[in-house]
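Fold and contact review
For reference, the chains in residue letters:
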Amino acid sequence: MEHTESVRFFNRGPSPAARLVFFSLLSLLLLFIDARYKYLESTRSAISTLVYPVQRLATLPVTLWREAGEFFVTQNGLIHDNEQLREQHVLDAARLQQLQMLQAENGQLRKLLDVQQRSDYRMQLAEIVYVERDVFQRKLFVDKGSQANVLPGQIVMDDNGIIGQVTRVYPWLSEITLVTDKDHAVPVQIVRNGLRAIVFGSGDTGDLSLRYMPVNSDIQNDDELVTSGIDGTYPPGIPVARVNHIERDPAYPFARILCTPIAGVNNQRFLLILSGERKLPPRPESATEDSKGLGKKGKRKMLP
Amino acid sequence: MITSSPKDREFLLPASPVFIALTLFVALLLDWLPWSGMWLVLRPDFVALVLLYWCTHKPHRVGIGIAWMMGILADVADASLFGQHALAYAVLAFGGIVLHRRVQMFDLRQQTLQIFPLVLLSYTVYAAVHWQLHGYIAWEYFSGSMISTLLWAPLTLLLQALRRPNTDDEL
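Residues numbered from 1 in each chain as written. Chains lettered and ligands numbered in written order. Predicted model: local features only at pLDDT ≥ 70, side-chain atom pairs only at ≥ 80, totals over all residues.

Moving on: the overall build of chain A. Scanning chain A from terminus to terminus reveals 5 helices and 12 strands. Within the span of chain A, comprising 304 residues, buried residues form 27% of the whole. (Helix = DSSP H or I, 4+ residues; strand = E, 2+ residues; numbered from the N terminus. Buried ≥ 20, exposed ≤ 12 C-beta atoms within 10 Å, placed from the backbone.)

A few words now on the domain arrangement of chain A. Taken domain by domain, chain A holds domain 1 (1-37), domain 2 (38-72), domain 3 (73-117) and domain 4 (119-276). The gap between the C-alpha centroids of domain 1 of chain A and domain 4 of chain A is 42 Å. (Domains from an automatic or database assignment.)

Among the nonpolar cores identified, the biggest contains 97 residues, and Val 199 of chain A together with Leu 51, Tyr 89 and Ala 90 of chain B are the most heavily contacted of them. Looking at which domains feed residues into this core, each of domain 1 (1-37) and domain 4 (119-276) of chain A gives three or more. Discounting residues that sit within four places of it in the chain, Val 199 of chain A has contacts with Val 186, Val 188, Leu 208, Leu 210, Leu 225, Val 240, Ala 241 and Cys 259 of chain A. (Core = buried A, V, L, I, M, F, W, Y, C linked by C-beta atoms within 7 Å. Contact = placed C-beta atoms within 7 Å.)

It is worth spelling out the sheet that holds strand β5 (residues 174-178) of chain A at this point. Either a parallel or an antiparallel arrangement is found when strands of a sheet pair, and the pairing is made through backbone hydrogen bonds. Residues and elements named next belong to chain A. Taken together, 6 strands build a closed barrel; the order of strands is β1-β2-β5-β4-β3-β12 and the barrel is antiparallel. In this sheet, adjacent strand axes meet at a mean angle of 45° when their direction is disregarded. Note that strand β3 (residues 155-157) and strand β4 (residues 162-169) share 3 bridges and pair antiparallel. Bridge pairing in β4 links Val 156 to Gly 164. (Pairing = 2+ DSSP bridges. Axes fitted to C-alpha atoms, helices over the stretch in contact; angles between N-to-C directions.)

Turning our attention to the interface of chain A and chain B. Size of an interface: often given as the accessible area lost when the parts come together. Contact with chain A, which involves 38 residues of that partner, is made by 40 residues of chain B. Looking at the side of chain A that touches chain B element by element, the count peaks at 11 residues for helix α2 (residues 16-36) of chain A. Residues of the side of chain A that touches chain B, tallied by class, amount to 18 nonpolar, 7 polar and 13 charged. (Nonpolar A, V, L, I, M, F, W, Y, C, P; charged D, E, K, R; others polar.)

So this is what it looks like as structure tokens:
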């Protein structure tokens, strides 16, 4: 306390307490604006251009270490990898041919039935710069941003399934919220019986949970969940998770169902950003979305 | 140097603005290393520590304003809300300035005990903001405050050692 007096004696501007109040109020104001509105996104991306070089500098040692590790691979390992990849390639090529045939057939059938065509998604490869900057959040940063035409809301996947969604775009970086982020929701369908559901991230563990599924719903262990594509954000049919734990307690209206993500949410370096035609839903699309929402609400009302 | 005790002399070591900026920059770099998983949970907050060091050792040079600006940079890098780190660092800097006389009187062990509540307070502010907005708290987050506190003594020794040869260059 003597200190504050000495400050006043030398007249060095406002006291620390006054400064604290000022900066706290400023922080609270910024917090409020940032949490409720989107006004600060441009400021954020402006500051991020300053921050970005430093961030790259910080990741440099790890990148160098990794690259050094890659440099010293044995020939034996390379030969082995090559063989494996070649085999995989042959298999994939065969599957791809089948897929093309099926796609053509599917397109034809859809045309016959007058159903909207499934649109193609272009993919963009991005490398992870940062993993989870914060204990509270499940987020990644990848090295493609608005310079590479990444848009917020685009879907990110690896070769196995959904990883997450682009939530914020900076000039050279974009932020990806993982499916395991707390309360991140993905509309899914069970492959076995087509049951619709929504899978939520659980935050601190790598698990996902299927919420609001009645105790008697037809879900089994090892059921695969794929995106249903109903919301128009996620393309349909991409694997999301596998059910690994079901708890049916008749005391609660809903079963407790845990799933593990199929994609390597925590162990990839390169990811695919699905870009290109974001299905801007034409009318039939939005109509189905509405009817789904209504149906859900209706069901909830009818339950009791 | 006029003062008698060597401990006081430590606090009177000069610090050029360039050196202060450099330490803060290095702290940012350390914070932004790609920590992940368990290491992220245990990551000490280097920026907070360095800020606290300067706030207790040179309270007229580094104050709440600089702490706040570092917080804004951290907010952008960590994709946390604008003001979340800034508020936590401002509170931390205020604590450091208020306690700077007391910290100067103690040896490193006692200093560590003194700064622990400050670091914990700053962590709590950060977590409280998160809790207020998202409704949950990851308790393991607080383990970082312990590690940060334990790093206070080595960090102080390091910075003091770095400032000492600087005296020849600066004077």
